[in-house]
Amino acid sequence: MLKHYLEPQDMHSAQRMGLKELEWELVLEKLGHTPNLTELGMFAVMWSEHCSYKHSKLALRQFPTTGPRVLVGPGENAGVVDIGDGQAAVFKIESHNHPSAIEPYQGAATGVGGIVRDVFAMGARPIALLNSLRFGELDSAHQRHLFSGVVSGISGYGNCLGIPTVGGEVYFNQSYTGNCLVNAMCVGLISHDKLARGKAAGLGNRVLLIGALTGRDGIHGATFASEELSDSSSTKRPMVQVGDPFMEKLLIEACLELIDRKVIVGMQDLGAAGLTSASSEMAARASTGVEIDVACVPRREPHMSPYEVMLSESQERMLLVVEPSRVAEVVAICNRWGLSATDIGVVTDTGAVRVLDGSEVVAEVPAQALASAAPVYTPAMQVPSWQADVQKLDLDTVPLPADYSQILLALLGSPTIASKEWVYRQYDYQVRGDTVVLPGSDAAVLRIKGTPKGLAISVDCNSRYVYLDPFRGGAIAVAEAARNLAVSGAEPLAVTNCLNFGNPEKPEIFYQFHQAIAGMAEACRALETPVTGGNVSLYNETNGKAIYPTPTVGMVGLLTDVTKRVTSGFKQPGDVVLLLGDTHDELGGSEYLKVVHQLERGAPPALDLVREKALQKLLVAAADARLLASAHDCSEGGLAVALCESAFPLGFGADVTLENVNQIRLDAFLFGESQSRVVVTTAPSSLAALKDLCEQYNVPCRELGRVSRDTVVVRVDSTTVIDLPTEDLARAWKGAIPCLMSQ
Amino acid sequence: MYKAKIWVTLRQGILDPAGQAVQKGLHSQGFGGVRDVRMGKFMELVLDATSEREAAGLVRETCERLLVNPVMEDYTFTLEVHG
Amino acid sequence: MYKAKIWVTLRQGILDPAGQAVQKGLHSQGFGGVRDVRMGKFMELVLDATSEREAAGLVRETCERLLVNPVMEDYTFTLEVHG
Amino acid sequence: MRFGVVVFPGSNCDIDCYHAAKEILGQPTDYVWHETSDLSSYDCIVLPGGFSYGDYLRPGAIARFAPAMQAVAEAAGRGKLVLGICNGFQILLEAGLLPGAMRRNDHLQFRCETRHLRLENNTTPFTHLGERGQILRLPIAHADGNYYIDELGLAELKRNNQIVLRYCDAEGQPTASANPNGALENIAGIVNRRGNVFGLMPHPERALENITGGTDGQLVWTSILKWWEGNHA
Ligand SMILES: Nc1ncnc2c1ncn2[C@@H]1O[C@H](COP(=O)(O)OP(=O)(O)O)[C@@H](O)[C@H]1O
Ligand SMILES: [Mg+2]
């Protein structure tokens with residue numbers, strides 16, 4: 001009797017596994033014979049959208065990916081940029097949206113685990129984590145459950161690893177009600193000579209599997225991640241994967257020791273598509289083959305078939321390639337860390353991934369075919385029928401507020417703007433002792449021990465802008481991420497990104513996808529921040545309704561002298577408050593329109609990349625000359641919210657007078673979200689030098705007033721429009737999320 | 001009034017890192033003969049109900065709504081008259 | 001071989017933060033009639049022993065050495081023949 | 001003065017403690033693997049924070065059986081200094097080197113923030129440079145810091161002046177709202193009767209430099225060094 005995993009398959013089973021008719025034919029062609037179940041399963045996961053990028057590959061080519069600092073660009077486990085002195089930063093962002101929607105704690109936890117493995121697989125010591133989270137509105141108990149579960153999952157996993165979670169963002173919007181987004185970013189540090197590659201090089205070298213036992217976790221998780229959620233997903237979901245951060249911590253230490261001692265040839269994490277993907281990618285990169293005996297793979301459960309072993313997505317495992325003479329040494333190092341290390345195969349020159357079960361060959365597939373021969377699609381695109389309509393906004397129909405103070409309080413209490421302390425106080429953001437700017441400012445800053453340098457990191461995306469105008473929204477996401485680094489005094493270096501979109505096979509979605517990338521690419525070129533990698537998460541739809549297109553941008557920047565970092569909080573009463581950049585008569589896509597007028601429409605704010613670049617250069621130069629006491633960019637909620645957020649950290653106030661605003665609506669001046677603007681403060685003695693610098697960089701600069709003791713006062717000419725104690729404003733801002741979450 | 005005792009266990013096949021760690025700990029303590037350690041939760045609660053049937057319904061509802069994670073856990077319970 | 005089921009509970013009188021949080025959660029979900037929620041641990045393990053007496057001795061030893069913190073926890077267990 | 005920082009599988013503040021002793025205090029310092037059973041060359045042994053053995057079962061429950069813990073007990077018996085921070089404190093409790101036990105934080109969440117602490121006892125080797133009643137600001141970062149001890153034990157702690165740190169508000173009052181985890185009587189750190197074993201939930205190693213978390217943690221580290229110098233001059 002034929003074992004089921006050896007049975008030849010037909011097109012129907014291919015379709016059940018998510019392959020299309022043409023893909024099935026291509027499988028037949030690449031393989032030269034009819035695949036058995038195991039072989040077909042391997043193709044199905046590797047050719048899923050999640051692993052093959054078949055719908056997104058072409059569009060991604062728009063990104064600039066090279067630059068003087070880029071050491072490793074897209075294609076490896078994580079990007080690598082030079083930061084001088086023989087050191088490099090390694091970083092990547094990845095989504096875990098679907099698993100988190102089903103089990104928020106474990107979904108988020110394993111998301112962190114996955115991204116951390118990508119970074120130490122490069123040989124880097126992970127030094128920071130960030131996350132970008134999006135949920136529906138918090139008035140729903142289910143959304144609160146997702147939000148708190150995701151945050152505790154990140155906390156439970158990241159804290160245990162001893163990697164500080166230093167920043168992130170959280171948005172609440174109805175478009176994420178059926179499809180929350182959980183994007184996790186990890187940054188690592190490495191010296192150039194330690195860089196590891198995921199290559200199965202060297203004929204006869206051994207293939208070792210280390211870490212957790214293999215169970216029936218997430219089989220077909222990769223294909224699952226590429227499908228829309230529907231009401232029936234809860235029944236066909238794969239088994240929930242449970243993360244074991246303790247195991248991961250041991251893996252980190254063991255793998256870094258292996259790199260340090262130079263005893264391995266190649267290393268790769270097992271993520272989506274498990275052993276299939278790790279083995280075929282390692283072989284493909286080295287143009288070799290590998291032979292794996294699944295009978296050797298240590299298992300958690302009895303009676304697993306070769307198919308299940310090859311497709312298992314059990315967490316906390318790594319694949320190593322080791323010269324035969326060093327196997328014993330590698331095993332000893334792993335064992336010292338309490339990890340099992342098992343020899344499961346060998347590097348061959350056949351170009352194939354050959355799977356044995358003891359002495360029986362159960363699958364034999366060309367590695368290149370699995371890793372890189374998936375078809376590449378050019379999906380159709382079409383401007384959404386509603387696109388032009390949502391951009392229409394007649395400001396004459398939007399009444400001016402009667403009471404600006406009340407509006408400011410409402411904005412500060414809007415969960416998207418409100419303090420995220422409820423989130424980050426659950427994260428250990430200080431472990432390792434290098435966090436110089438803690439969560440709560442614009443970018444996180446870490447010092448690099450043994451050097452004067454610092455790394456600044458941020459993640460950003462205002463997806464409402466992208467929904468209203470994908471090109472401009474994409475560009476703004478990049479500009480804002482870079483701006484958050486620049487206000488901290490850091491020079492932006494490079495980008496990683498996580499593209500969360502709906503079903504790309506729908507022309508309107510693919511239009512969003514393509515245009516957002518085009519906009520991001522343009523901003524990346526203008527700001528000289530190439531893309532070094534990222535992740536695509538498509539099919540984020542529930543019952544046919546897509547999320548707001550959300551291209552999350554993660555960015556890393558460099559401070560040559562970390563003591564020159566700038567934070568967002570006012571430092572001293574009497575300091576001069578200035579607004580850098582121009583304000584326009586813009587309200588489209590603003591949080592103000594949403595919160596106060598229940599409108600999510602209009603054109604998002606304009607972005608002039610030349611001005612943006614000038615502003616950022618100025619900020620870095622001003623920080624370098626120690627002219628800035630504080631700096632905070634204007635984002636959601638505009639100038640008024642930025643002033644308050646600068647006042648909160650030390651409880652000071654601001655006494656501000658706006659003059660010559662007559663051509664701009666007052667609500668737009670106060671709450672509009674014009675780009676390329678930053679609120680800075682400076683000591684009176686540095687004012688002249690700062691103004692000179694602004695002139696030199698051609699950045700408009702408007703003196704607003706002074707930092708005051710404890711009240712935020714805004715006057716327009718001589719009329720007071722806002723006058724509230726900082727304490728009251730801070731209460732609204734700090735209390736909003738805890739209050740919603742304690743319902 | 002009834003007192004409910006509820007046992008919540010991880011579903012078969014789901015990784016139990018705590019159980020694994022405890023098992024390893026026991027082995028290194030010389031308890032080599034211990035196997036298949038699984039960690040679960042145990043809850044006791046008192047509830048207002050006029051019949052065992054009603055009490056059982058309530059326990060099921062609380063388990064499914066809050067106490068048990070339906071994608072990973074199973075539960076059983078017992079009831080006894082209380083007070 | 002025996003299978004042991006072990007219940008570990010916080011000692012009477014010691015405040016149980018997890019139980020309180022669950023109770024609060026239940027109340028806010030409309031289960032107002034639920035009281036005295038106490039959370040504990042439930043462990044299952046299989047052990048090599050040739051008699052129930054030996055098995056019971058082993059369970060007590062593992063509990064006292066590792067599984068239970070005598071400063072604040074109590075335990076009970078049952079045994080059944082396994083395999 | 002020689003420091004040994006014990007590394008358990010899952011320790012993660014080991015590098016911070018090493019940095020504190022080695023770079024900030026400038027003393028010879030080693031990482032000590034948990035399987036080491038001879039710690040006789042160290043004048044102060046540090047049990048760092050983290051999640052030894054994943055903190056599965058109970059924090060510190062498995063770590064206390066490590067061979068190094070046997071050696072820690074011996075060192076404590078000989079009067080050497082033992083400093084347990086966060087997870088290290090939990091291990092000392094589980095090992096019985098300090099009295100009491102740690103429960104989950106009363107709000108069930110991990111809590112990372114900087115807190116006010118009142119120095120209750122400035123007669124220990126770890127705090128003698130401070131003033132009684134002095135208010136410190138130190139970072140905390142834990143999920144299980146809800147200290148418990150029974151009434152008799154508490155009376156004993158008080159009688160022997162073993163309570164070293166209490167969570168307090170900015171004015172120094174140990175109020176309920178200043179308590180970040182539900183700890184009994186706001187207790188954040190205690191010593192053994194002899195005064196040479198100190199466990200605390202806050203992280204003095206995270207507050208040594210202005211650029212990272214302030215300098216209030218120096219009190220603990222410098223006290224240790226000065227005490228030792230005073231005894232070995
Ligand atoms: N999910 C999160 N995890 C950690 N920190 C967060 C998270 N969300 C927000 N923060 C922190 O809160 C602060 C404010 O975030 P945000 O309002 O998004 O800032 P900005 O508008 O400047 O990008 C930042 O320091 C950010 O890192
Ligand atoms: Mg910002």
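Not measured: the values here are computed from a predicted model.

Trainee: Looking at this structure, I do not really get the overall build of chain B. What am I missing?
Mentor: Helix and strand counts for chain B stand at 2 helices and 3 strands. Going from the N terminus to the C terminus, chain B shows its helices and strands as β-α-β-α-β. For chain B, the C-alpha radius of gyration of 16 Å lies well beyond 12 Å, the compact-globule estimate for 83 residues. In terms of overall dimensions, chain B has a C-alpha envelope of 50 × 30 × 15 Å along the principal axes. Sorting the 83 residues of chain B into buried and exposed places 52% on the buried side. Counted over contacts in chain B with a minimum sequence separation of 6, partners at least 24 positions apart contribute 72%. On chain B, roughly 3900 Å² of surface is accessible, and the fraction owed to carbon and sulfur atoms is 49%.

Trainee: I keep staring at the overall build of chain D and nothing clicks. Help me out?
Mentor: Secondary structure assignment for chain D yields 5 helices and 11 strands. Against the compact-globule benchmark of 17 Å for 233 residues, chain D has a radius of gyration of 16 Å, which places it among compact chains. Within chain D, buried positions represent 66% of all 233 residues. Restricting the contact set of chain D to residue pairs at least 6 apart, pairs at least 24 apart contribute 76%. Taken as a whole, chain D presents about 7800 Å² of accessible surface, with 46% of it coming from carbon and sulfur.

Trainee: What am I meant to see in the coordination of the magnesium ion (ligand 2) here?
Mentor: Reference geometry at the metal: tetrahedral coordination by four donors gives ideal angles of 109.5 degrees; octahedral coordination by six donors gives 90 or 180 degrees. Residue and element names in this part refer to chain A. Coordination of the magnesium ion (ligand 2) by the protein is provided by Asp 442 (OD), Asn 484 (OD1) and Asp 633 (OD), with metal-donor distances spanning 2.1 to 2.2 Å. Between the donor residues of the magnesium ion (ligand 2), the gaps in sequence give the motif D-x41-N-x148-D. Of this pair, Asp 442 sits in the loop between strand 14 (435–437) and strand 15 (444–447) while Asn 484 sits in helix 20 (residues 470–487), placing them 42 residues apart in sequence. For Asp 442, a relative accessible area of 13% gives the class buried.

Trainee: I'm lost on the pairing of strand 2 (residues 29–33) of chain D in this one. Help?
Mentor: Along any regular strand the residues' side chains alternate between the sheet's two faces. Residues and elements named next belong to chain D. Bridging between strand 1 (residues 3–7) and strand 2 involves 5 bridges; their strand directions are parallel. Bridge pairing links Phe 3 to Thr 29 in strand 2. This β-α-β element, strand 1 to helix 1 (residues 14–24) to strand 2, shows right-handed connectivity.

Trainee: Looking at this model, I keep getting lost on the interface of chain B and chain D. Mind explaining?
Mentor: A common way to state how big an interface is: give the accessible area lost once the parts meet. If you look at the interface, chain B gives 7 residues, while chain D gives 5 residues. The junction of chain B with chain D conceals about 490 Å² of combined surface from both sides, 81% of it contributed by carbon and sulfur atoms. Counting the surface chain B buries against chain D, the share from its top three residues, B:Ala21, B:Val22 and B:Gln29, is 58%. The interface formed by chain B and chain D includes 0 salt bridges. At the surface where chain B touches chain D, the tally comes to 0 residue pairs in polar contact (both at pLDDT 80 or more). Examining the composition of the side of chain B that touches chain D, we find that 5 residues originate from one element, helix 1 (residues 17–28) of chain B, more than from any other. Split into classes, the residues belonging to the side of chain B that touches chain D amount to 5 nonpolar, 2 polar and no charged.

Trainee: I would appreciate a short explanation of the relation of the copies chain C and chain B in the present structure.
Mentor: For these two chain copies, the linking operation is a rotation about an axis paired with a shift along it. Its rotation angle being 180°, the transformation that places chain C on chain B also includes 0.1 Å of axial translation and leaves an RMSD of 0.3 Å. Expressed as a symmetry operation, the mapping of one chain copy onto the other fits a two-fold axis. When each C-alpha of chain C is compared by its distance to the rotation axis, C:Lys41 comes out closest, at 2.2 Å. Comparing interface residues between copies, 100% of those in chain C also sit at the interface in chain B, which points to an isologous, same-surface contact.

Trainee: Looking at this structure, how should I read unusual backbone geometry?
Mentor: A negative phi holds for most residues other than glycine; trans holds for most peptide bonds. The backbone phi angle of A:Arg432 is positive, close to 85°, even though this residue is not glycine. Relative to the helices and strands, A:Arg432 is located in the loop between helix 18 (421–424) and strand 14. The backbone phi angle of D:Asn161 is positive, close to 60°, even though this residue is not glycine. Position of D:Asn161 among the secondary structure elements: in the loop between helix 4 (151–159) and strand 9 (163–168).

Trainee: I keep staring at helix 1 (residues 17–28) of chain C and nothing clicks. Help me out?
Mentor: Residues spaced three or four apart along an α-helix face the same direction, because each turn holds 3.6 residues. With 12 residues, helix 1 of chain C extends 17 Å from end C-alpha to end C-alpha; this agrees with the ideal 16 Å at 1.5 Å per step. Those residues of helix 1 of chain C not exposed but buried are C:Pro17, C:Gly19, C:Val22, C:Gly25 and C:Leu26. Buried positions along helix 1 of chain C lie against strand 2 (34–47) and helix 2 (52–67) of chain B, strand 2 (34–47) of chain C together with strand 8 (146–148) of chain D. Directly after helix 1 of chain C, the chain includes C:Gly30, whose backbone phi takes a positive value near 95°.

Trainee: Sorry, what's going on with the pairing of strand 1 of chain D here?
Mentor: All names here are of chain D. Of all the 5 residues making up strand 1, 5 are buried; the element is thus mostly covered by neighbouring parts of the structure. Alternating positions in strand 1 separate into two faces, Phe 3, Val 5 and Val 7 on one and Gly 4 and Val 6 on the other, with burial throughout. The pairing of strand 1 with strand 3 (residues 44–47) spans 3 bridges and is parallel. In the strand pairing of strand 3, Gly 4 is matched with Ile 45.

Trainee: I would appreciate a short explanation of the nonpolar core in the present structure.
Mentor: The tendency in soluble globular proteins is for nonpolar side chains to be buried as a group. With 174 residues, the main nonpolar core has A:Val116, A:Phe147, C:Leu67, D:Leu83, D:Tyr147 and D:Trp221 as its most contacted residues. Of the residues forming this core, the biggest block, 10 residues, is contributed by helix 11 (residues 245–260) of chain A. Other than its neighbours up to four places away in sequence, D:Tyr147 contacts D:Phe89, D:Leu93, D:Pro99, D:Gly100, D:Ala101, D:Met102, D:Arg103, D:Leu157, D:Ala183, D:Leu184, D:Ile187 and D:Ile190.

Trainee: Explain the confidence of the model for chain D to me, please; I cannot follow it from the model alone.
Mentor: In regions of low pLDDT, the predicted coordinates are not meant to be interpreted in detail. The share of residues in chain D with pLDDT of 70 or more is 100%, and the mean pLDDT across the chain is 97. In the predicted complex, the global pTM is 0.95; the interface-specific ipTM is 0.94.

Trainee: Whenever I open this one, the pattern of salt bridges confuses me. Can you help?
Mentor: Side chains carrying opposite charge are able to pair once their charged atoms draw close together. Enumeration over the complete set of coordinates arrives at 61 salt bridges over all chains. Of the charged contacts in the structure, one is a salt bridge between A:Arg626 and A:Asp561, with a shortest N-O distance of 3.7 Å. Placement of A:Arg626 in the loop between helix 23 (609–624) and strand 23 (630–633) and of A:Asp561 in the loop between strand 21 (550–559) and strand 22 (576–580) is noted, with a sequence separation of 65 residues between them. Under the relative-accessibility criterion, A:Asp561 is labelled partly exposed at 21%. Between D:Glu185 and D:Lys158 there is a salt bridge, with the nearest N and O atoms lying 3.0 Å from each other. In this pair, D:Glu185 sits in the loop between strand 9 and strand 10 (187–191) while D:Lys158 sits in helix 4, placing the two residues 27 residues apart along the sequence. For D:Glu185, a relative accessible area of 33% puts it in the partly exposed group. Taking relative accessible area as the criterion, D:Lys158 reaches 43% and is therefore assigned partly exposed. Ionic contacts of the salt-bridge type, sharing partners, join the residues A:Arg216, A:Asp217, A:Arg300, A:Glu301 and A:Glu308 into one network.

Trainee: For this particular structure, what's the right way to read the site of ligand 1?
Mentor: Residue and element names in this part refer to chain A. Not every one of the 20 residues close to ligand 1 is listed here, only the nearest: Asn 131, Gly 440, Ser 441, Asp 460 and Ser 635. Contact between ligand 1 and Ser 441: an oxygen atom at 2.6 Å from a main-chain N or O atom of the residue. The protein chains hide 90% of the 550 Å² of surface that ligand 1 would expose on its own. Every element with two or more residues in the shell around ligand 1 is listed here: strand 4 (125–135), strand 5 (165–172), helix 18 and helix 20. It is strand 5 that contributes the most residues to the shell around ligand 1, 4 residues altogether. Here the shell around ligand 1 is built from residues that sort into 6 nonpolar, 7 polar and 7 charged.

Each value, and the rule that gives it
Residues numbered from 1 in each chain as written. Chains lettered and ligands numbered in written order. Predicted model: local features only at pLDDT ≥ 70, side-chain atom pairs only at ≥ 80, totals over all residues. Heavy atoms only, no water. Helix = DSSP H or I, 4+ residues; strand = E, 2+ residues; numbered from the N terminus. Rg over C-alpha atoms; globule rule 2.2 N^0.38 Å. Buried < 20%, exposed > 50% of the residue type's maximum accessible area, 1.4 Å probe, protein only. Contact = heavy atoms within 4.5 Å. Areas by Shrake-Rupley, 256 points an atom, 1.4 Å probe, with all protein chains shown as cover. Donors = N, O, S within 2.8 Å, 3.2 Å for Na, K, Ca; no water. Pairing = 2+ DSSP bridges. Right-handed = clockwise from strand over helix to strand, strands pointing away. Buried area = accessible area lost by both parts, 1.4 Å probe. Salt bridge = Lys/Arg side-chain N within 4 Å of Asp/Glu carboxyl O. Polar contact = N/O pair within 3.5 Å; in protein donor to acceptor, adjacent residues only side chain to side chain. Nonpolar A, V, L, I, M, F, W, Y, C, P; charged D, E, K, R; others polar. Least-squares fit on C-alpha atoms with pLDDT ≥ 70 in both. Expected span 1.5 Å × (residues − 1). Core = buried A, V, L, I, M, F, W, Y, C linked by side-chain atoms within 4.5 Å. pLDDT = per-residue confidence, 0-100. Near = heavy atom within 4 Å.

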